[in-house]
Amino acid sequence: MLVQNDYFDLYVSGNDVLLKLKKAGYQLKSFDQITKENPRIKISSFPALRKALTDVGNENSIGSYLPVIELHISQDKLTAEITFNVTMEDFELNRDQYIKDAEKLLDDYGVVYGRKSLSSMKLLPLSTVIVAEGKKPQKGEDAKITYIEKPERKPVIREDGIADYYEMNFVTHIKEGQWLGEKIPPTDGIPGSDVFGNTIEAQRGADSKLTYDRKSVVEVEEQGKTVLKAMFGGALEFLPGDIVSVGQHLIINGDVGPETGSIKFEGAVTVYGTVLAGYSVNAVGDISIEGNESVTNAKEICSSEGDLYIKGGVFGGGTTIIEARGDIFIKHANNCKLFAQNIHVGFYMLGADAVAERIFVDKNKGKIIGGHIEALYRIECGYAGNQHERMTHLHAKGVNKDLIYSEIQQMAQELKDVQTTVSHLEQQLLKIEQLGASLRGEQEAAYEKLKETVQLSKDKIVELDQEIQAGMYKIRTAVRPQIEISKEAYPGVIIQIGDQSTSLNKETKGVFEVVDHVLNV
């Protein structure tokens, strides 16, 4: 029995606190004094207590009866907490005994790790304190991957007081066995312990995979690290997805001319001289023409997959073709044709024809005089045309999204048709292959022809898929076409944005674009 008065009997049965009401009228707020005097009473809910104080003649559970010393172990077993469910007066009178009982309780439960000295702690009744703390396991360090830095191809125009020149370190030469990257493996973690002294295993750091071109780069183990090294000397390349690679590298220490003949190479080409009249350089990788002397009347310089740099510029005589799958960096372009993704010109374009996504001629003093300059998104220069009003056509086309969508739909239908054809042909191949070694003469020739047709069709599927993805990318990344002339545009310059154009009849400058369907010239 805990409390017995004129209104109710309050007693404990098992772990439950029960109230049997004799008569109504006991005030709910008066019950606070009872719980203060009996700290072990934990009311489950005030609605339950309110009901018990109005339900005459019946026995109702109003809560639970807590232990004198309450021990709580966290779910992760990393902390142990104690609460003394006694009054302040009782605790002060029997502090030493309560601490002794608490220590025994911890011993009985097996709490051994990270225990604190209760006698030295500030303890108060009804206040929960942490009396033991485990050690959290520490996860190991994740694998660390580092690759050789990808060189930034950014042209720099320098002045020495006499001459200006266009300077770049274009092709990065790689030696056989040169470091290209490395992986420091993940480490084991540091185990922890719960308050019961049980070991908590630590998680090993996350691993990562090195990505590289396995045809030109090899993994070796050195001092506990996985190191990427070049299989052979060549030129640093990055395949799609920034995958490090080493391409073949042809170095011409002089000019491309009678001594070398025209160059055709499956890798990168560096020419430390120039390209003489009538000769060509064709390469799959990057091309760098390092000579200070200009390329004059060369036939063509073309990179089918890389970028192209011509330090000395080009005098094309109306015939030279300069082309790159990536970007062109050139000091000047005089009477030549240029085709690239982006074209960067240091000083001027004179009588040149150019087609690219973006064409940049130095905005401070770069000039475009004459020729037809066509960009998909942007053309920028310092000056356009000249005082003699030479006709100079600047055309920023922009992206015709409707046309691209239409082309994508046509390619998607063609892709579906080719896939159906391949599926049908593969079924035929399977039937023929079941005949095994019995194929002879014309049958064997027909089988080989069918295999060739299937492979060509699969190549076509890949090609169509790439073209569709390129079209979708072009739509997603399309920006408003612009032409910016920062210093002066002279009369005779034709400004064309999309299908809207005008010929300047007075000097002007600025950013030209179509705003609200009107060309702002």
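What counts, and at which threshold
- Residues numbered from 1 in each chain as written.
- Predicted model: local features only at pLDDT ≥ 70, side-chain atom pairs only at ≥ 80, totals over all residues.
- Heavy atoms only, no water.
- Helix = DSSP H or I, 4+ residues; strand = E, 2+ residues; numbered from the N terminus.
- Rg over C-alpha atoms; globule rule 2.2 N^0.38 Å.
- Buried < 20%, exposed > 50% of the residue type's maximum accessible area, 1.4 Å probe, protein only.
- Pairing = 2+ DSSP bridges.
- Axes fitted to C-alpha atoms, helices over the stretch in contact; angles between N-to-C directions.
- Expected span 1.5 Å × (residues − 1).
- Contact = heavy atoms within 4.5 Å.
- pLDDT = per-residue confidence, 0-100.
- Phe/Tyr/Trp six-rings, centres within 6.5 Å; stacked < 30°, edge-to-face > 60°.
- Polar contact = N/O pair within 3.5 Å; in protein donor to acceptor, adjacent residues only side chain to side chain.

Trainee: An account of the overall build of the protein chain is needed here, citing residue identities and associated values.
Mentor: Counting its secondary structure elements, the protein chain contains six helices and 42 strands. Relative to the compact-globule value of 24 Å for 521 residues, the protein chain shows a C-alpha radius of gyration of 42 Å, a clear excess of over 25%. The principal-axis extents of the C-alpha atoms in the protein chain amount to approximately 120 × 80 × 55 Å. Put simply, the protein chain has 521 residues, and 40% of those count as buried.

Trainee: Before we move on, could you go through the sheet that holds strand β6 (residues 69–73) and cite the residues and values that matter?
Mentor: Taken in spatial order, the three strands make up an open sheet running β6-β7-β8, and their pairing is antiparallel. Each having just a single partner strand, β6 and β8 (129–133) make up the two edges of the open sheet. Within the sheet, the average angular offset between the axes of one strand and its neighbour, ignoring direction, is 25 degrees. Note that β6 and strand β7 (residues 79–84) share five bridges and pair antiparallel.

Trainee: Hey, could you go over helix α6 (residues 441–476) for me, with residue numbers and the actual values?
Mentor: Helix length check: α6 (36 residues) gives 53 Å between terminal C-alpha atoms against 52 Å at 1.5 Å per residue, within 8%. Taken together, the buried residues of α6 touch α5 (401–433).

Trainee: If you had to explain the pairing of strand β26 (residues 300–303) to someone new, which residues and values would you point to?
Mentor: Note that strand β23 (residues 280–283) and β26 share four bridges and pair parallel. Looking at β26, one finds that Ala283 is bridged to Ser303. Inspection of the sheet shows β26 paired to strand β29 (residues 321–324) by four bridges, in the parallel sense. Counted as the bridge partner of Ile301 is Ile322 from β29.

Trainee: Which residues make up the sheet that holds strand β12 (residues 173–174), and what are the values?
Mentor: Pairing is antiparallel in the open sheet, where three strands are placed in the order β12-β18-β19. Taken across any chain shown, the strands that pair with only one partner, and hence form the sheet edges, are β12 and β19 (243–247). Where β12 and strand β18 (residues 234–239) come together, two bridges link them in antiparallel fashion. Counted as the bridge partner of His173 is Ala235 from β18.

Trainee: An account of unusual backbone geometry is needed here, citing residue identities and associated values.
Mentor: Positive phi, normally seen in glycine, also occurs at Asp516, with a value near 55 degrees. By the element assignment, Asp516 lies in the loop between β41 (514–515) and β42 (518–519). Residue classification places Asp516 among the exposed residues on the basis of a relative accessible area of 67%. In the Ramachandran plot, His517 falls in the positive-phi region, its phi being about 70 degrees despite a non-glycine side chain. According to the relative accessible area criterion, His517 is exposed, its value standing at 72%.

Trainee: Give me the confidence of the model for the protein chain: which residues, what numbers.
Mentor: Looking at the protein chain, pLDDT values average 91 and 96% of them are 70 or higher. Element-level pLDDT for the protein chain is lowest in strand β11 (residues 164–167), with a mean of 60, against a maximum mean of 98 in strand β31 (residues 337–339).

Trainee: Account for the packing of aromatic side chains, with residues named and values stated.
Mentor: With the rule as written, the count across this model stands at six aromatic pairs. Measuring from centroid to centroid gives 5.0 Å for Phe8 and Tyr26, while their planes differ by 85 degrees, and the two rings are edge-to-face. Within this pair, whereas Phe8 is found in strand β2 (residues 8–13), its partner Tyr26 is found in the loop between β3 (16–21) and α1 (31–37), the two being separated by 18 residues in sequence. Exposure class is identical for Phe8 and Tyr26. Each is buried. A ring pair is formed by Phe84 and Tyr98, whose centres lie 6.3 Å apart and whose planes are at 55 degrees; its orientation type is tilted. Taken together, the residues Phe84 in strand β7 and Tyr98 in helix α4 (residues 95–109) connect sequence positions 14 residues apart. With respect to burial, Phe84 and Tyr98 carry one shared label: buried.

Trainee: How would you summarise the side chain of Asp55 if you had to cite specific residues and measurements?
Mentor: Turning to its location among the elements, Asp55 is positioned in the loop between α2 (46–52) and β5 (59–65). Side-chain polar atoms of Asp55 contact the side chain of Asn60, separated by 3.2 Å. Setting aside anything within four residues of it in sequence, one finds Asp55 in contact with Leu21 and Asn60.

Trainee: An account of the pairing of strand β37 (residues 482–489) is requested, with residue identities and associated values reported.
Mentor: Summarising the sheet, strand β35 (residues 372–384) and β37 pair through six bridges and their orientation is parallel. Paired with Ile379 across the bridge in β37 is Ile483. As paired elements, β37 and strand β40 (residues 508–512) share four bridges and run antiparallel to each other. In the sheet register, Ile485 faces β40, and the bridge partner there is Gly510.

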